[in-house]
Structure formats: structure tokens, C-alpha cells
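Results of the structural survey
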Amino acid sequence: MPGSAASASEIVWTSWRSVPGMPAISAGTLAELLDGGQAFRWHRRPDGTWLGVWADCVARLSLGPEPMPQKNAGSRDAGDGIPRTLRWSAPRALSRRVERALPAYLACDADFGALADALPWRSDAHLARSLAAFPGLRILRQPFGETLLGFICSATKQIVQIKQMLALLAVRHGAEIAPGIHRLPTWAELALVSEDQLRGCLLGFRARHIHRAAAFLAARPGWLDETARLPYPTAKERLCALPGVGEKIADCALLFGAARLEAFPVDVWVLRALQNRYALDGWSPAQIARFGRAHFGPHAGLAQQFLFAFERRAKTQV
DNA sequence: CGTAAACCTGA
DNA sequence: CAGGTTTAC
């Protein structure tokens with residue numbers, strides 16, 4: 001959609017600085033991280049940088065030109081392969097906030113190398129191959145509420161279409177936080193939007209779900225934040241009480257919006273991946289989920305992200 | 001309790 | 001038909 005590009009150029013951006021605590025990452029892995037189904041508000045710009053919005057934050061991300069001095073010269077990955085330093089820039093007016101929020105958003109305090117190493121790749125050749133294809137892939141820590149919103153929109157939709165819906169929701173119902181750039185509406189704001197207006201954002205039958213979920217949440221202040229803090233099984237159970245939220249979407253919200261690495265969302269990609277690569281033909285999503293949790297262990301959600309990325313690339317490239 | 005159809009829109 | 005949930009057999 002046109003619209004934001006022209007006005008966005010009025011933004012005065014800070015100079016590029018490296019993201020503290022963030023390991024070097026290749027272009028291919030970065031694309032998978034920002035635009036591989038975890039988040040829906042990052043867009044690649046013509047100059048190759050990424051522009052993204054979360055909560056009240058706007059940032060650009062790009063990779064440094066110089067390859068990091070590296071020890072693992074052997075590893076290959078999806079894109080052009082070379083890990084580079086990640087750099088950020090933000091609208092001047094938001095730079096203080098983004099500087100604080102970005103490392104948390106990217107979960108820079110977590111050692112995903114160690115987490116991935118703890119997965120059973122030594123006895124699982126397909127997992128090993130998937131890890132090697134996207135070295136440095138991690139799980140974002142997005143704001144819980146908007147992660148939930150994004151995944152309620154995701155039902156039977158592809159990433160491009162989900163991004164389209166959220167862009168419309170933001171521009172029509174979310175506050176402008178930088179020239180031409182709008183945040184997503186909060187659930188409290190969504191509660192004031194009619195179902196027809198939501199339909200106008202191309203949500204289709206999801207409009208009803210979001211409308212009813214917003215009413216539910218508006219009547220229960222603090223419910224969402226409490227849910228994010230509950231133990232995983234309880235949190236998931238509570239989320240599934242929301243209209244439009246089943247197991248898969250609850251797991252996505254908890255994995256990508258509440259850092260619950262034990263959440264193991266089973267969508268058709270992961271379903272197909274496990275059925276085909278692990279000889280589990282005919283297994284139902286529920287059976288696959290049980291297998292995944294048992295086989296991959298306490299960080300099954302991280303394993304899921306690698307398998308998902310691998311499967312998606314296999315489809316578009318083979 | 002497992003499977004099927006409906007739900008909106010458009011790539 | 002599509003990265004899903006819900007409601008109805």
C-alpha cells in the first residue's frame with residue numbers, strides 16, 4: 001500500500017549504532033527473524049534496511065558492511081551467509097525509548113546459541129540441518145497484547161496478508177508515533193472500534209473474533225498482563241478462552257510475545273515438516289504437538305522456529 | 001472425542 | 001486453496 005513512504009521521509013533519523021549484546025547475524029537469518037512469521041510489522045526497504053514498529057517504538061535495522069572476525073568460518077546459511085553486526089537507527093524523537101527497548105525486543109540478554117545447542121540436534125539430523133541453515137535465528141520478545149492481536153489475524157492467512165491487515169488497523173485505529181507511522185491500537189482502543197470498522201480493515205470473519213476479544217479484555221483490566229505472567233499451561237488455558245484463540249494461536253502469543261520457549265505452535269508448516277521429515281504421516285496436529293514437546297524438550301518452541309524456517313525455504317526454493 | 005464445513009478476502 | 005478456530009455431526 002502507498003501512503004507512509006512519502007511522509008516517513010520527513011523523519012529525522014539518528015545515526016546508525018550497533019545493537020549492544022546482539023550477536024552477529026547474516027542477511028538471511030535476519031530476514032527470517034523479522035519477516036518469517038514471528039512479527040508482522042517489519043518491512044524491507046529498497047535500500048535493504050528494515051523498518052519496523054512495535055509498541056511505541058519505530059526502528060530501522062541494517063547490517064554492518066564489515067564481516068565480524070569469526071571463528072566458525074565453515075558455517076553456511078540461507079542468505080549470502082556472512083554474519084555481520086546488527087545496527088539500528090530510530091527517529092530522533094523516539095531514540096531514547098528505542099535504545100532501551102530494542103535489546104529487550106531482540107532478547108539480547110538470552111544466549112540463543114546455548115539454547116540451540118541444548119536441543120537434541122546431535123541425534124536428529126534434520127534438526128541439525130535446520131539449525132545450520134539459519135545460524136543465529138532467535139525468538140523475539142514482542143509486546144504480548146499486539147502479538148496476540150497479530151496471531152488472531154493470522155488464521156488461514158499468509159504473512160503478506162497479515163501484514164496488510166495490521167497496517168490498516170494501525171493507520172486507521174492506532175496513534176501516530178512518528179510522521180506517517182502509526183502504532184497498533186491497544187486492546188482498550190480496539191474495544192471502541194465497531195465490528196464493521198474492523199471488517200473494513202480486511203479482517204473478514206476475524207473481525208468478529210477481535211471485536212469480541214476486545215470486549216472481553218476491556219471488561220477485565222489486567223487480565224492480559226496477568227496471563228503473560230502465569231505458568232505456561234495456565235496461561236495457555238486462559239488464552240484459549242478468548243474468541244478466535246485456539247491452541248496454535250495461544251502458543252504463538254506465548255512464544256513470540258511472552259518468551260515461553262516451551263510453547264510449541266503446530267501450524268500446517270510444522271505439521272508437514274514433522275510428518276514428512278520424521279515419518280509421522282497421518283498424525284494429527286495434537287499428536288504432532290505431543291511428539292514435538294517430548295522430542296525437542298523444554299525449548300521446543302525454538303526448535304519449531306528452525307524447522308518452520310527450513311520448511312518454508314524448502315518450499316519457495318525447491 | 002475425532003472429522004467436516006463455515007467463516008472473509010484475495011494472492 | 002490459504003501458516004485456524006468454531007460449531008456441528
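Residues numbered from 1 in each chain as written. Chains lettered and ligands numbered in written order. Predicted model: local features only at pLDDT ≥ 70, side-chain atom pairs only at ≥ 80, totals over all residues. Heavy atoms only, no water.

What counts is decided by this rule: UniProt positions are given in the numbering used here, feature names are shortened, and annotations may be inferred rather than shown by experiment.
You'll find chain A entered in an unreviewed UniProt entry as DNA-(apurinic or apyrimidinic site) lyase, with Termitidicoccus mucosus given as the organism. Its UniProt record gives chain A the following Sequence similarities (unreviewed entry) comment, quoted word for word: "Belongs to the type-1 OGG1 family."

Let's talk about the overall build of chain A
Keep this limit in mind: Helix and strand definitions follow DSSP, with helices as H or I runs of at least four residues and strands as E runs of at least two, each counted in order from the N terminus. It is over C-alpha atoms that the radius of gyration is taken, and the globule rule equals 2.2 Å times the number of residues to the power 0.38. Exposed residues in this analysis have more than 50% of their type's maximum accessible area, buried residues have under 20%, and partly exposed residues fall in between, with area computed by a 1.4 Å probe over protein chains only. Working rule for contacts: check all heavy atoms of both residues, and any pair within 4.5 Å makes them a contact. Computed with the Shrake-Rupley method and a 1.4 Å probe, the accessible areas treat only the protein chains shown as cover for residues. Charged residues are defined here as Lys and Arg on the positive side and Asp and Glu on the negative side; His and the ends of the chain fall outside this count. Charge placement uses NZ in Lys and CZ in Arg. For Asp and Glu, CG and CD serve respectively.
From N to C terminus, chain A includes 16 helices and seven strands. Compactness check: chain A gives a C-alpha radius of gyration of 19 Å against a globular reference of 20 Å for 318 residues, within 12% of the reference. Its C-alpha atoms give chain A principal-axis dimensions of roughly 50 × 45 × 35 Å. Looking at chain A as a whole, 52% of its 318 residues are labelled buried. Long-range contacts, defined here as pairs at least 24 residues apart, represent 68% of the contacts in chain A between residues at least 6 apart. By element, 55% of the accessible surface of chain A is carried by carbon and sulfur atoms, the whole surface being about 14500 Å². Between the centroid of the 38 positive side chains of chain A and the centroid of its 27 negative side chains there is a distance of 2 Å.

Describing the UniProt feature "domain: HhH-GPD" (unreviewed entry) in chain A
Feature annotation in UniProt places "domain: HhH-GPD" (unreviewed entry) on residues 165-305, given in this structure's numbering. Within the segment residues 165-305, helix and strand shares are 60% and 4% respectively, and the terminal C-alpha atoms sit 23 Å apart.

A closer look at the protein's contact with DNA strand B
Going by this rule: For this purpose, a residue is taken to be near a molecule or strand whenever a single non-hydrogen atom of the residue falls within 4 Å of it. In the analysis that follows, any N or O atom pair within 3.5 Å is treated as a polar contact, provided that within protein one partner can donate a hydrogen and the other can accept it, and provided that, for residues neighboring in sequence, both atoms belong to side chains. Amino acid classes used here: Ala, Val, Leu, Ile, Met, Phe, Trp, Tyr, Cys and Pro are nonpolar; Asp, Glu, Lys and Arg are charged; the rest, including Gly, are polar.
Every residue near DNA strand B is listed here: K157, R199, L202, G204, F205 and R206. The sugar-phosphate share of atoms of DNA strand B within 4 Å of the protein amounts to 61%. A distance of 2.7 Å separates a base oxygen of DNA strand B from a polar atom in the side chain of K157. One nitrogen or oxygen atom from the main chain of F205 is found 3.2 Å from a sugar or linking oxygen belonging to DNA strand B. Classifying every residue of the surface near DNA strand B by side-chain character gives two nonpolar, one polar and three charged.

A short note on helix α3 (residues 95-105)
Those residues of α3 lying buried are S95, V98, A101, L102, P103 and Y105. Immediately beyond the C-terminal end of α3, within one or two residues, lies A107, with a positive phi of roughly 55°.

Thoughts on the protein's contact with DNA strand C
Residues in contact with DNA strand C amount to 19 residues; listed here are only the nearest, T156, I159, V268, W269 and F308. Among atoms of DNA strand C positioned within 4 Å of the protein, sugar and phosphate together represent 55%. Here G244 contributes a backbone N or O atom positioned 3.4 Å from a phosphate oxygen of DNA strand C. Taken together, the elements giving at least two residues each to the surface near DNA strand C come down to α13 (247-257), α14 (268-277) and α16 (300-317). Its residues assigned to classes, the surface near DNA strand C comprises nine nonpolar, five polar and five charged.

Re the pattern of salt bridges
What counts here: When a carboxyl oxygen of Asp or Glu is within 4 Å of a side-chain nitrogen of Lys or Arg, the pair counts as a salt bridge.
By the definition in use, this model includes 12 salt bridges. In this structure, E226 engages R238 in a salt bridge whose closest nitrogen and oxygen atoms are separated by 3.7 Å. Here E226 is found in helix α11 (residues 223-229), whereas its partner R238 is found in helix α12 (residues 232-239), with 12 residues between them in sequence. We classify R238 as partly exposed; its relative accessible area is 21%.

As for the pairing of strand β3 (residues 50-54)
The line we're drawing: Only when DSSP finds a minimum of two bridges between them are two strands counted as paired.
Burial analysis of β3 places five of its five residues in the buried class, which makes it a mostly covered element. Where burial is concerned, the two faces of β3 agree: the one with W50, G52 and W54 and the one with L51 and V53 are both buried. Inspection of the sheet shows strand β2 (residues 42-44) paired to β3 by three bridges, in the antiparallel sense. Within β3, the position partnered with R44 by the bridge is W50. Here β2 hands over to β3 after five residues, with G48 in that stretch at a positive phi of 90°.

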